[in-house]
Amino acid sequence: MKTLYFIALIPPAHVSDSITKLKECIAQRHKTTKALRVIPHITLKAPFSVTLVQEENVRHWFTGIITNIKPFDVTINGFGCFNNPRNPVIFLKPVQHSSLNTLQSNIISSFESQFPEIPLHFHETLFHPHITIAYRDLSFTAFNKAWNQLKDKKFVTSWTCCDFCLLRHNGSSWQIVAKNSVERI
């Protein structure tokens, strides 16, 4: 039996609440609810599966990650999309920040050296940070309507990133099982 994990930045409650309200509005207007099943987040390490034997190793590795960065501001400014007819995605765009890129790169490098038997996803080496607000059950027709409504709208928020999270899938939802401070130098 294997368990799914992933690593992400989780915005504070007030930011997550406003993003969730936006997701709910989009879900209602465009009949797309899959994004509501996941807490708002920026993925740093895509989902990966491990055996029960490896779970303790993953948690130990995660809590020992040294990031070599200080807390930094994450600013969300506007909307973006992956305009793929098979699997369109609408997301909120974080402003590019060198500390965010360094954090993700350090996590991926550490993961790759600790767990070489677990393959990386192609997009983990081409980091494109985003917070998904509609995907999976979003038809291409609904995507086009939603994207035309959202592409020029403003959505701006920010928070100071002080930690990142390890999430585990319990069979029905993702739960935070560990946090690590970015300020571990």
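Notes on the structure in this doc start here.

Conventions adopted
- What you see as residue numbers is a count from 1 along each chain, following the sequence as written.
- Local features are withheld for residues below a pLDDT of 70 in this predicted model, meaning they are given only at 70 or higher, and side-chain atom pairs are given and counted only at 80 or more; totals for whole chains, interfaces and linings count all residues.
- Side-chain figures throughout are based on the complete set of non-hydrogen atoms in the structure, without hydrogens or water.
- In this analysis, rings of Phe, Tyr and Trp, with Trp reduced to its six-membered ring, are considered paired at centre separations within 6.5 Å, and the interplanar angle assigns stacked below 30 degrees, edge-to-face beyond 60, and tilted for intermediate values.
- Where helices and strands are cited, they refer to DSSP runs of H or I of at least four residues and of E of at least two residues respectively, numbered from the N terminus.
- A 1.4 Å probe rolled over the protein chains alone gives each residue an accessible area, and that area as a share of the maximum for its type sets the label: buried under 20%, exposed over 50%, partly exposed in between.
- Ring-over charges, as used throughout, are those where CZ of Arg or NZ of Lys falls within 6 Å of the ring centre and within 35 degrees of the ring normal.
- Each cavity reported here is a set of points on a 1 Å grid over the protein atoms alone in which a 1.4 Å probe fits but cannot get out, each pocket an open set with protein on both sides within 12 Å along at least five of seven lines, and each lining residue one with an atom within 4 Å of a point.
- Grid points are joined across faces, edges and corners, and a volume is the space filled by probe spheres set on the points.
- Two N or O atoms count as a polar contact when they lie within 3.5 Å, although within protein this holds only if one can serve as hydrogen donor and the other as acceptor, and sequence-adjacent residues are included solely when both atoms are side-chain atoms.
- In what follows, a contact means two residues having at least one pair of non-hydrogen atoms within 4.5 Å.
- Strand pairing is defined by DSSP finding a minimum of two bridges between the two strands.
- Convention adopted: a line fitted to C-alpha atoms gives each axis, helices being fitted over their contacting stretch, and angles between N-to-C directions are expressed from 0 to 180 degrees.

1. Some details on the packing of aromatic side chains
Under the defined criterion, the tally for this structure stands at ten aromatic pairs. Between tryptophan 61 and phenylalanine 115, the aromatic rings sit 5.7 Å apart at their centres with planes inclined by 85°, giving edge-to-face as the arrangement. With tryptophan 61 in helix 2 (residues 52-63) and phenylalanine 115 in the loop between helix 3 (98-114) and strand 5 (131-134), this pair connects stretches of sequence that are 54 residues apart. Residue classification places tryptophan 61 among the buried residues on the basis of a relative accessible area of 6%. Owing to a relative accessible area of 3%, phenylalanine 115 belongs among the buried residues under this scheme. The residue whose ring lies beneath lysine 45 is phenylalanine 111, and the NZ or CZ to ring-centre distance is 4.6 Å.

2. Points about the layout of surface pockets
Approximately 1,100 Å³ is the volume found for the largest pocket. Lining the largest pocket are 38 residues, and of these Thr43, His130, Thr132, Tyr135 and Arg136 sit closest to its centre. Counting residues per element, the ones that place at least two in the lining of the largest pocket are strand 1 (2-9), strand 2 (42-51) and strand 5. With six residues, the single largest contributor to the lining of the largest pocket is strand 2.

3. Brief notes about the side chain of threonine 3
Note that threonine 3 resides in strand 1. A polar atom in the side chain of threonine 3 sits 3.3 Å from the side chain of glutamate 55. Residues in contact with threonine 3, not counting those within four places in the same chain, are Phe48, Ser49, Val50, Leu52, Glu55, Arg168 and His169.

4. Side note on the sheet that holds strand 6 (residues 156-161)
Reading across from one edge, 5-4-3-6 is the order of the four strands in this open sheet, with antiparallel pairing throughout. Strands with a single pairing partner mark the edges of an open sheet, and in this sheet they are strand 5 and strand 6. In this sheet, neighbouring strand axes are inclined to one another by 35° on average, regardless of whether the strands run parallel or antiparallel. In the packing of helix 1 (residues 13-30) onto the sheet, the strands contacted are strand 3 (72-82), strand 4 (89-94), strand 5 and strand 6, and the crossing angle to strand 5 comes to about 30°.

5. A short note on the sheet that holds strand 1
If you trace the four strands from one edge of the open sheet to the other, you get 2-1-7-8, paired in antiparallel fashion. The two strands at the open ends of the sheet, each matched to only one other strand, are strand 2 and strand 8 (174-181). For this sheet the average axis-to-axis angle between neighbouring strands, irrespective of direction, equals 25°. In this structure, strand 1 lies alongside strand 7 (residues 163-169), joined through four bridges in antiparallel fashion. By the bridge assignment, phenylalanine 6 is partnered in strand 7 with leucine 167. Sheet strands touched by helix 2: strand 1, strand 2, strand 7 and strand 8. Its angle to strand 2, the strand with the most contacts, is close to 150°. Contacts from helix 3 reach strand 1, strand 2 and strand 7 within the one sheet, and its direction differs from that of strand 2 by about 15°.

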